[in-house]
Amino acid sequence: MLRAIVIPERYESILDKKETAAAIQNMKSFFQTRLGQELQLTKVSAPVLVREGTGINDNLNGTERTVSFDVMDMKEARVEIVQSLAKWKRAALAQYGFSRGEGLYTDMKAIRRDEVMDNLHSIYVDQWDWEKIISEPMRNMSTLQTEVKRIYDVLKSTEKYMCEFHSSLEPILPERIHFITAQELEDRYPALSPKEREQEITREYGAVFIMQIGGVLNSGRVHDGRSPDYDDWSLNGDIVLWYPVLNCAVEISSMGIRVDAQTLRQQLSVSGNQERLSLDFHQAVLSGELPATIGGGIGQSRLCMFFLKKAHIGEVQVSVWNDKTIKECQEGNIPLL
């Protein structure tokens, strides 16, 4: 993960702004259609705002500040702009009446005000959020890896489609995605930081799914922070791809099998967040009102950036940037939208 602007040497975008606009629309349309077909998902509408204090908003690592405000005609409650739809989707599946093996996906638009801007990060976040119903016996590693392979097949077919769309784009994804747990990664590179480990393993294999993120490793550290109340930390992970344009690993998707009542209690206890048990969403999980599910988010702008060989996420999405970013991108021939 980068935390400073990287300017590739003699960078020149393969596509101009007009070609980029057409390519983005084509890529998004192709990818979401294939994703829906491969995972048996139906597209639905999604909220931009949710009520504050219900537990339905994603609190990410627990430290990020939400964007919240009052509404003139809602004196009884404040509202928040979503940070992701990890919890909302699970409740929506029950409301829509989906059956086992079926699911939904949606365009998620979020604001993350505490994001540090760099080549890969913007305060504006857009992703395909998806969720599908599974049975309780399917809450296992085999189910998780099967869904990852399906998503990777969609990534491969999308890359092929985009290379046919524009002859200057060339495929780089390996034939298969490599699976490894966060603990295996620590054992393999004990002297490296978690992000340095991601760099090394992804450089070697090209595409990696790093599993079991959130819990404490043998070193006493966590690989990366995860909210304790949606993913089961023993059944989750990140899809990470090697990106030669920036010479770095790029996380494309975070996903996992969701908590059941027992796992929810355990993870809230370990993280010191037991007070959340009284919130509406958490009560619904504890009472068994919500189905067992698997789901995740897939970054739209990240994928556009990856497949179109862009050096900065601002080349594929319109956002706001600090003066330092604007100046360095202008000097580096990176055309921000």
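Scroll up to find the structure this text is about.
All values reported here derive from a predicted model rather than from experimental measurement.

Enquirer: So what about the pairing of strand S11 (residues 293-299)? Which residues, and what values?
Expert: Buried residues dominate S11, accounting for 7 of its 7 residues. Here S11 shows no split at all, with Thr293, Gly295, Gly297 and Gly299 on one side and Ile294, Gly296 and Ile298 on the other all buried. Two elements, strand S6 (residues 124-133) and S11, share 7 bridges in a ladder whose sense is antiparallel. From the neighbouring strand, Glu131 faces S11, where its bridge partner is Gly295. Pairing between strand S10 (residues 248-258) and S11: 5 bridges, direction antiparallel. In the sheet register, Met255 faces S11, and the bridge partner there is Gly296.

Enquirer: Tell me about the side chain of Gln317, residues and numbers included.
Expert: Relative to the helices and strands, Gln317 is located in the loop between helix H8 (300-307) and helix H9 (323-331). At a separation of 3.5 Å, a polar atom in the side chain of Gln317 contacts the main-chain carbonyl oxygen of Tyr124.

Enquirer: Pulling in residues and values, what's your account of the nonpolar core?
Expert: Phe31, Trp130, Phe209, Ile239, Met255, Ile298 and Leu303 are the most contacted members of the largest nonpolar core, which totals 55 residues. Those elements giving two or more residues to this core turn out to be helix H1 (17-39), S6, helix H3 (141-165), strand S8 (207-211), strand S9 (231-243), S10, S11 and H8. Counting residues per element, this core draws most heavily on H3, at 8 residues. Excluding residues that lie within four positions of it along the chain, Phe209 makes contacts with Leu144, Val148, Ile177, His178, Phe179, Ile180, Asn236, Gly237, Asp238, Ile239 and Met255. One finds Ala91, Phe98, Met108 and Ala110 within the second-largest nonpolar core, a separate group that totals 23 residues.

Enquirer: Describe the environment of Gly220, and please don't skip the residues or the numbers.
Expert: Assignment of secondary structure puts Gly220 in the loop between S8 and S9. For the pair formed by Gly220 and Thr143, sequence separation is 77 residues and the distance between their alpha carbons is 28 Å.

Enquirer: Give me the lowdown on the sheet that holds strand S4 (residues 74-81), citing residues and values where you can.
Expert: Strand order across the open sheet formed by 3 strands is S2-S4-S3, with antiparallel pairing between neighbours. In this open sheet, the two edge strands, each paired with only one partner strand, are strand S2 (49-51) and strand S3 (68-71). If you compare each strand with its neighbour and ignore which way they point, the axes differ by 40 degrees on average. Judged from the 3 bridges that link them, S2 and S4 form a sheet pairing that is antiparallel. Directly across from Val50, in S4, lies its bridge partner Glu80.

Enquirer: Could you give an account of the pairing of S9, with specific residues and numbers?
Expert: Across the 13 residues of S9, 12 count as buried, placing the element largely inside the fold. As defined by bridge partners, S9 adjoins S10 across 9 bridges and the pair is classed as antiparallel. When the sheet's bridge partners are listed, Asp231 is paired in S10 with Arg258. Between S9 and the antiparallel strand that follows it, S10, lie 4 residues; Asn247 among them carries a positive phi value of about 55 degrees.

Enquirer: Explain the pattern of salt bridges residue by residue, including any values.
Expert: All chains considered together, the criterion is met by 26 salt bridges. A salt bridge links Asp107 to Lys43, with the shortest nitrogen-to-oxygen separation between them at 2.9 Å. On the criterion of sequence distance, the pair formed by Asp107 in strand S5 (residues 103-111) and Lys43 in strand S1 (residues 41-43) is long-range, its members being 64 residues apart. Here Asp107 falls in the partly exposed class, since its relative accessible area comes to 28%.

Enquirer: Outline the sheet that holds S10, supporting the account with residue identities and numerical values.
Expert: Pairing within the open sheet is mixed, and its 8 strands lie in the order S1-S5-S6-S11-S10-S9-S8-S7. If you trace the sheet from one side to the other, it starts and ends with S1 and strand S7 (178-181), each paired once. The sheet shows a mean angle of 25 degrees between the axes of neighbouring strands, taken without regard to direction. Lying on the sheet, H3 is in contact with S6, S7, S8, S9, S10 and S11; it crosses S9 at an angle near 25 degrees.

Enquirer: Before we move on, could you go through the packing of H1 against H8 and cite the residues and values that matter?
Expert: Each pair of packed helices can be summarised by the angle the axes make with each other and by the distance between the axes. Orientation of H1 relative to H8, taken along the N-to-C sense of each, is 115 degrees, at an axis distance of 10 Å. With respect to the hand of their crossing, H1 and H8 are arranged in right-handed fashion. For the pair formed by H1 and H8, the contact residues are Ile24, Met27, Lys28 and Phe31 on the first element and Gln300, Leu303, Cys304 and Phe307 on the second. Of the residues contributing to the contact of H1 with H8, the split by class is 6 nonpolar, 1 polar and 1 charged.

What counts, and where the lines are drawn
Residues numbered from 1 in each chain as written. Predicted model: local features only at pLDDT ≥ 70, side-chain atom pairs only at ≥ 80, totals over all residues. Heavy atoms only, no water. Buried < 20%, exposed > 50% of the residue type's maximum accessible area, 1.4 Å probe, protein only. Helix = DSSP H or I, 4+ residues; strand = E, 2+ residues; numbered from the N terminus. Pairing = 2+ DSSP bridges. Polar contact = N/O pair within 3.5 Å; in protein donor to acceptor, adjacent residues only side chain to side chain. Core = buried A, V, L, I, M, F, W, Y, C linked by side-chain atoms within 4.5 Å. Contact = heavy atoms within 4.5 Å. Axes fitted to C-alpha atoms, helices over the stretch in contact; angles between N-to-C directions. Salt bridge = Lys/Arg side-chain N within 4 Å of Asp/Glu carboxyl O. Left-handed = near helix turned anticlockwise from the far one by under 90°. Nonpolar A, V, L, I, M, F, W, Y, C, P; charged D, E, K, R; others polar.

Just distances and angles here, no functional claims.
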